[in-house]
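# Notes for the structure review
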Amino acid sequence: MFIFETQLKKIKHNVLKSIAILAKEDRLTTEELSKIHVGIVDKDTPQYRCCVYKERVIVNQRAKLAAGYSPTGDTMDELEDIKNNDQIIYIIEAACDKCPINKYTVTEACRGCLAHKCMEVCPTKAMVRVNGKAFINQELCKECGLCKKQCPYHAISEVLRPCKVVCPTGALSVAEDRRAMIKTEDCIQCGACMKACPFGAISDKSFIEPVARRLAKKENLYAIIAPAIGGQFGNKVSLGQVKSALLNIGFTDVYEAACGADLVTIHESNEFVERMNSGDKYMTNSCCPGFLSYIEKKFPKEKDKISSTVSPMIATGKYIKSFDPDAKIIFVGPCTAKKGEMRRPDVKDIIDYVLTFEEISALLDAFDMDPENCDSVTFDDGSTLGRGFAATGGLTAAIENYIEREKINIDFKPIKISGPTDMKKTMTLASIGKLPANFIEGMMCEGGCVGGAGVILPPLSTKATFVKQNATASKKSVVDNDKIPEFENINLERNLDK
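If you're wondering where the values come from, they're calculated on a predicted model, not measured in any experiment.

About the criteria used
Residues numbered from 1 in each chain as written. Predicted model: local features only at pLDDT ≥ 70, side-chain atom pairs only at ≥ 80, totals over all residues. Heavy atoms only, no water. Helix = DSSP H or I, 4+ residues; strand = E, 2+ residues; numbered from the N terminus. Buried < 20%, exposed > 50% of the residue type's maximum accessible area, 1.4 Å probe, protein only. Contact = heavy atoms within 4.5 Å. Salt bridge = Lys/Arg side-chain N within 4 Å of Asp/Glu carboxyl O. Axes fitted to C-alpha atoms, helices over the stretch in contact; angles between N-to-C directions. Left-handed = near helix turned anticlockwise from the far one by under 90°. Parallel < 35°, antiparallel > 145°, perpendicular 65-115°, else oblique. Pairing = 2+ DSSP bridges. Polar contact = N/O pair within 3.5 Å; in protein donor to acceptor, adjacent residues only side chain to side chain. Core = buried A, V, L, I, M, F, W, Y, C linked by side-chain atoms within 4.5 Å. Patch = residues over 30% accessible without salt bridge, like charges linked within 9 Å, V, L, I, M, F, W, Y side chains within 5 Å. Areas by Shrake-Rupley, 256 points an atom, 1.4 Å probe, with all protein chains shown as cover.

## Let's talk about the environment of Lys-243
- With respect to the element layout, Lys-243 can be found in helix α10 (residues 239–248).
- Taking relative accessible area as the criterion, Lys-243 reaches 12% and is therefore assigned buried.
- Remark: the alpha-carbon pair of Lys-243 and Val-377, spanning 134 residues in sequence, is separated by 7.0 Å.
- Apart from the residues within four sequence positions on either side, Lys-243 is in contact with Asp-253, Val-254, Val-377, Thr-378 and Phe-379.

## Description of the pattern of salt bridges
- On inspection of all chains with the given rule, the structure shows 26 salt bridges.
- Of the charged contacts, one joins Asp-304 and Lys-305 as a salt bridge, the two residues approaching to 3.4 Å between their closest N and O atoms.
- Between Lys-328 and Asp-352 there is a salt bridge; the shortest N-O distance is 3.8 Å. Remark: Asp-352 occurs in the loop between α14 (337–341) and β13 (353–356) and Lys-328 occurs in strand β12 (residues 328–333); sequence separation between them is 24 residues.

## Concerning the packing of helix α9 (residues 208–216) against helix α15 (residues 357–366)
- It is at 11 Å that the axes of α9 and α15 come closest, and there the two elements cross at 35°. Of the two elements, α9 crosses α15, and the hand of that crossing is right-handed. Residues Ile-208, Val-211, Ala-212 and Leu-215 of α9 form the contact with α15, whose own contacting residues are Glu-359, Ala-362 and Leu-363.

## Some words on the packing of helix α12 (residues 289–298) against helix α18 (residues 420–431)
- Where α12 contacts α18, the two axes come as close as 12 Å, and the packing angle between them is 45°. One finds that α12 runs oblique with respect to α18. Our pair here, α12 against α18, has a crossing hand that is right-handed. Between α12, through Phe-291, Tyr-294 and Ile-295, and α18, the contact on the second element is made entirely by Met-423, Lys-424 and Met-427.

## Observations concerning the pairing of strand β3 (residues 127–130)
- One ladder, built from four bridges, connects β3 with strand β4 (residues 133–136); its direction is antiparallel. Paired with Val-130 across the bridge in β4 is Lys-133.
- Counted between consecutive antiparallel strands, the loop separating β3 from β4 contains two residues, among which Asn-131 sits at a positive phi close to 55°.

## A word on the sheet that holds strand β14 (residues 414–418)
- Strand order across the open sheet formed by three strands is β11-β15-β14, with parallel pairing between neighbours. In this open sheet, the two strands that pair with only one neighbour each are β11 (283–284) and β14.

## What to know about the pairing of β13
- Alternating residues of β13 divide into Tyr-353 and Leu-355 and Val-354 and Thr-356, and every residue in both groups is buried.
- One ladder, built from four bridges, connects β12 with β13; its direction is parallel. Paired with Ile-330 across the two strands is Tyr-353, which belongs to β13.

## Structural notes on the side chain of Ser-286
- Inspection of the secondary structure puts Ser-286 in the loop between β11 and α12.
- A distance of 2.4 Å separates a polar atom in the side chain of Ser-286 from the backbone oxygen of Thr-309.
- The contact partners of Ser-286, leaving out residues within four places of it in the chain, are Glu-268, Leu-292, Ile-306, Ser-307, Thr-309, Ser-311 and Arg-494.

## Some words on unusual backbone geometry
- One non-glycine residue with positive phi stands out, namely Asn-131, at about 55°.
- Assignment of secondary structure puts Asn-131 in the loop between β3 and β4.
- Despite not being glycine, Glu-143 has its phi angle at roughly 55°, a positive value.

## Digging into the environment of Asn-285
- Note on placement: Asn-285 falls in the loop between β11 and α12.
- Here Asn-285 falls in the buried class, since its relative accessible area comes to 1%.
- As for Asn-285 and Asp-326, which are separated by 41 residues in sequence, their C-alpha atoms are 30 Å apart.
- Once you skip the residues sitting within four places of it in the chain, Asn-285 turns out to touch Glu-268, Phe-291, Ile-306, Ser-307, Leu-395, Phe-439, Ile-440, Glu-441 and Gly-442.
- At a separation of 2.8 Å, a polar atom in the side chain of Asn-285 contacts the main-chain amide nitrogen of Gly-442.

## Examining the nonpolar core
- One finds Leu-246, Phe-251, Ile-351 and Leu-363 to be the most contacted residues of the largest nonpolar core, which totals 126 residues.
- At nine residues, the largest contribution of residues to this core is made by helix α11 (residues 257–277).
- Those residues in contact with Phe-251, other than ones at most four positions away along the chain, are Val-211, Leu-215, Leu-221, Tyr-222, Ala-223, Leu-246 and Ile-330.
- The next biggest cluster of nonpolar side chains, apart from the first, holds 20 residues, and it includes Ile-295, Ile-306, Met-423 and Ala-437.

## Focus: a nonpolar patch on the surface
- Residues Val-128, Val-130 and Phe-135 make up a contiguous nonpolar surface patch of about 230 Å² in total accessible area.
- Looking at the secondary structure, you find Val-130 in strand β3.

## Overview of the sheet that holds strand β10 (residues 253–256)
- Pairing within the open sheet is parallel, and its four strands lie in the order β10-β9-β12-β13. At either margin of the open sheet sits one strand with a lone partner, and together these are β10 and β13. Taking the axes of each pair of neighbouring strands and ignoring which way they run, one obtains an average angle of 25° across the sheet.
- The pairing of strand β9 (residues 221–225) with β12 spans five bridges and is parallel. Within β12, the residue paired with Leu-221 across the bridge is Lys-328.
- Against the sheet, helix α13 (residues 312–323) touches β9, β10, β12 and β13, its axis set at about 150° to β9.
- Strand contacts of α15: β12 and β13, with the helix running at about 90° to β13, the strand carrying the most contacts.

Below, the structure written as structure tokens:
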């Protein structure tokens, strides 16, 4: 049985499932896309919007994006407009509520002072006096914030859109008609806005269609499962059952990304030692693509401090390609930014598709496969510490363990951060030479990957199961992983200049 945290997630699941069914049956056409709303939207009574007609339009736009097409396209040329774009996060225009909230509002704290500095600084003359107090003419207001800064009584309140508040790079803006708009040049594909929007008006482009189609054709597909999978299908489903479910729908084999994480720990630890001995002040991790892109876009002068070690996803992908060059590899995780990482010039051709946990759940449902009803199989590629990469501090713990076990003489002073607020603060300190550490473990999502935008269930619901399943790994430390010798001839260096 599939579990949904909210009704929005259920709708998204049903849309993705419908796309996967059409793909596996080779029936995905523009005509079929236009019928997706049937069975999802009530025929007579609107559930969430003003009318059933709007609900149908929203579902159909969501379906187009779920199929990898432009949500607003009609003809095939218009639909395929975004097919090969690197952008992952899009606005579903029909679903955007245009948030009819006024960013700045004068509160009862206004004293109607004589100085009226708020009026003097307003560039559009939107601030006027009404009944002796300040009042904002919202039709003229350009939301510059000068009035708020000038008010000595702090009588002007500021309310921001949820999607705009959480965007770490300022990529989320507002069009003239108040509809949300993404500045693609600033977007790091982290999905924070998608997660924050209470109307489900922001979503990620999906690759579920080609994966479902290839599975139906029984092609040579491998799956790599991120360690954050623990608890995503409920507390009754084991990791072995998840693997079994994926094998049952046609995957050739399934691997833990935690195995790649063990390799990353060793490679990144040795890189850290080399950098510190060479005089570097600090180094950051590179396993979180959101954090990596954040540094590149907001702190480009610090780019050379990013570790050149590939992520666990890429390390595991390279391992699979080393013995099966013709394999098509699908990474399954909680992260939308991974969809952007797979298209980076320095690592492309390793991972063929990325699906979120939401998408893999819909894919399994489309193939009538419930993990809870599957027999468990052995799934023990990575160590407990490798699986720990999914949460904030996991990478740091793995490196500390490796340094201790290998008796490496190095002063390792880490700082563990997650979320945009801590990230901005820490990187600002690093950029001015005030960082009280020599290693930054940065995770874009609060709490780490377990809080990613593509999870089925939130960390509070999965924590106990996640911890329990991590502890089941027979290898407790990265140095205990018997697969490590198989990686000796695999290049784990990433060229960030590409």
